[in-house]
Amino acid sequence: MTATPVESTSAGGVVVVGSANADLVLRLAELPRQGETLLATDTSRLPGGKGANQAVAAARAGASTTLIAAIGDDADGRLVRDALVAAGVEMRLVRTSSSPTGLAVVLLDDRGQNSIVVASGANATIERLLPQERDVIRQSALLLCQLEVPLPVVIEAAHVARAAGRTVVVNAAPSRPLPEALVESVDVLVVNEHEAREVAGTRDLDGAVDALLTRVPAVIVTLGAAGARVAERTGSQRLLPAVRAVDTTGAGDTFSGVFAAGLAGGESMTAAAERAIAAASLSVQRLGAIPSIPDADEIAAAMTKAGTA
C-alpha cells in the first residue's frame, strides 16, 4: 500500500503512540571515551521522550495531535505533562502509571553531538492498547510510532491503523530488527544513517535504502548536518540540506512529527519532508528536545528564507 494521506477526522489528524521521558542533559566539552570520567559544564532537566517530542512537533506544526503514552505520578511526569499541554497535545489517552516517568540521560558535547541512555520506567507498562485508544487510531488520519515502548503495542497500533486504511509512519528508533508483522503495515519508515544500516543489515547506505524499499513503500533517512534523504519505491529520491547543529537532541523527532503533520494535512511526501527538514534545521540550533521544537509560523518563515516555501 502506498503512503497516501488520508483526510483528517474530528478525532485528530495525527495519533502518536510512544514514549514520554524527562531528559537529564549533561553538557561536556567532548563525549567521554570508554572508562573515562569527565566533569559536566552544565546540567538541565527538560521534557522529552521520542513519543512526546514527536507529538509536540506535530501539534506545533499545526496538526490536531493525540498522544498515547504512560507517565509516572511524579515530578518528572508533571514536567512532561505540562510541556505537552502547553503545546496543545490532546492528553486524554495519556495513562498515569505507578512506575516512575521514563528518564533519558543525555550527554551533549560542544559540537552538538550526543550520547543517550534511556531508563524506560512507565513507558514499559504500555503492553496493549485500550479500546478507546484503538478507536482514536481508527478515526485518525495518520499513526506515528517509534520503538521506545514495547514492540507488541507498536505492532498492534500499526495493524489497527492499517485495517482502518490510515497512513502509518514508523520512526525505527532506537534501532532493532523490524518483524514482518510490523513492516507489513508501514507506509513510511524514518531512520537515521545508523538505524538504516542496522535495520537493513548492511554497512552501505545506498544498499540499505534499496533493501528497505523492498519492504516498505517509502524511506526517509535523516543525515544530521547533511539533511535528509527521501526515497520512494517508485524510484524518486531527493536530498534535502540542513544546517550546522548546536544540539541534535530531538532533531529526528522534530522531523518525524512535522513530517507526520504534513502527510496528515494532505501534503505530498516531498512537501512534508521539506517542511520537516526546515523544522529540524531550526531545532538543532537550540538546546533541548521539546524546548527546541519550532511552531508553524517559524517553520514557514524558515522555508520562505530558504526559498522552499
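Residue indices follow the written sequence of each chain, beginning from 1 at its first position. Since the coordinates come from a predicted model, pLDDT governs what is reported: local features require at least 70, and pairs of side-chain atoms require 80 or more to be given and counted, while whole-chain, interface and lining totals use all residues. As a rule here, side-chain values come from all non-hydrogen atoms in the structure, and water together with hydrogens is ignored.

Asks: Now, about the sheet that holds strand E11 (residues 218-222): what can you tell me, with residues and values included?
Replies: At least two DSSP bridges between two strands are needed for those strands to be called paired. In DSSP terms, a helix is any run of H or I states spanning at least four residues, a strand is any run of E spanning at least two, and both are numbered starting from the N terminus. The strand order across the open sheet built from nine strands is E5-E4-E1-E8-E9-E10-E11-E12-E13, with neighbouring strands paired in mixed fashion. The open sheet has two edge strands, strand E5 (94-97) and strand E13 (237-240), and neither has a second partner. On average, adjacent strands in this sheet sit at an angle of 15° to one another, irrespective of strand direction. Strand direction decides the pairing type here: strand E1 (residues 14-17) and strand E4 (residues 65-72), joined by four bridges, are parallel. If you follow valine 14 over to E4, its bridge partner there is threonine 65. In the packing of helix H1 (residues 50-60) onto the sheet, contacts are made with E1, E4, strand E8 (142-145) and strand E9 (167-171), and the angle to E4 comes to roughly 150°. The criterion used for residue contact is that any of the two residues' heavy atoms lie within 4.5 Å. Only the stretch in contact is used when a helix axis is fitted, and all axes are lines through C-alpha atoms; the angle between N-to-C directions ranges over 0 to 180 degrees. Here helix H4 (residues 151-163) sits on the sheet and contacts E1, E8 and E9; the angle it forms with E8, its principal contact strand, is near 165°.

Asks: Provide a residue-level description of the nonpolar core, including the pertinent values.
Replies: The definition of a nonpolar core used throughout is a set of buried Ala, Val, Leu, Ile, Met, Phe, Trp, Tyr and Cys residues joined through side-chain atoms within 4.5 Å. When accessible area is computed with a 1.4 Å probe and restricted to protein chains, residues below 20% of their type maximum are described as buried, those above 50% as exposed, and intermediate ones as partly exposed. Judged by nonpolar contacts, the single largest core of 51 residues is most densely connected at Val14, Leu84, Val89, Val188, Ile220, Phe255 and Phe259. With eight residues, helix H9 (residues 269-283) is the largest single contributor of residues to this core. Within the second largest apolar cluster, 43 residues are counted, among which are Ile68, Leu143, Val154 and Leu223.

Asks: Just give me the short version of unusual backbone geometry, but keep the residues and values in it.
Replies: The omega torsion across alanine 173 and proline 174 is -5°, close enough to zero to call that bond cis. When you line up the elements, proline 174 lands in the loop between E9 and helix H5 (180-183).

Asks: Could you give me a rundown of the packing of helix H6 (residues 193-200) against helix H7 (residues 205-213), with the residues and numbers involved?
Replies: Look at H6 against H7: their axes get within 9 Å of each other, and the N-to-C directions meet at 60°. On the basis of the axis angle, H6 is oblique to H7. Crossing angle aside, the handedness with which H6 passes H7 is left-handed. Along the contact surface, H6 presents Glu193, Ala196, Arg197, Val199 and Ala200, while H7 presents Leu205, Ala208, Ala211 and Leu212. When residues are grouped by polarity, Ala, Val, Leu, Ile, Met, Phe, Trp, Tyr, Cys and Pro land in nonpolar, Asp, Glu, Lys and Arg in charged, and all others, Gly among them, in polar. Classifying every residue of the contact of H6 with H7 gives seven nonpolar, no polar and two charged. In what follows, roughly perpendicular refers to angles from 65 to 115 degrees, roughly parallel to angles under 35, roughly antiparallel to angles over 145, and oblique to any angle outside these ranges. Two helices cross in a left-handed way if the nearer one is turned anticlockwise from the farther one by less than a right angle. They cross in a right-handed way if the turn is clockwise.

Asks: I'd like a rundown of the confidence of the model for the protein, residues and numbers included.
Replies: With 92% of its residues at a pLDDT of 70 or more, the protein has an overall mean of 89. Across residues 1-11, confidence stays below pLDDT 50; counting only partners more than four residues off in sequence or on other chains, it has 28 contacts. On a scale of 0 to 100, pLDDT captures the predictor's confidence in every residue.

Asks: Give a detailed account of the pattern of salt bridges, specifying residues and quantitative values.
Replies: Think of a salt bridge as a Lys or Arg side-chain nitrogen and an Asp or Glu carboxyl oxygen that are within 4 Å of each other. The tally for this structure, following the rule as stated, stands at 15 salt bridges. Glutamate 133 is paired through a salt bridge with arginine 95; the nearest N and O atoms lie 2.8 Å apart. Of the two residues, glutamate 133 is situated in helix H3 (residues 131-139) and arginine 95 in strand E5; the sequence distance between them amounts to 38 residues. Accessibility assignment for this pair places glutamate 133 and arginine 95 in one class, buried. For arginine 111, the salt bridge identified is with aspartate 109, shortest N-O distance 3.3 Å. Classification of arginine 111 as exposed rests on a relative accessible area of 59%. Relative accessible area serves as the criterion here: at 1%, aspartate 109 is assigned to the buried category. Within the structure, one salt-bridge network assembled from shared partners comprises Glu30, Arg33 and Glu36.

Asks: Now, about H3: what can you tell me, with residues and values included?
Replies: Inspection of H3 places Glu133, Val136 and Ile137 among the buried residues, and these make up the whole buried set. Projected onto a plane normal to the axis of H3, the buried residues spread over an arc of 100° and lie on a single side. If you follow the buried residues of H3, they end up packed against E1, E4, E5, E8 and H4. Arc definition: directions from the helix axis to the C-beta atoms.

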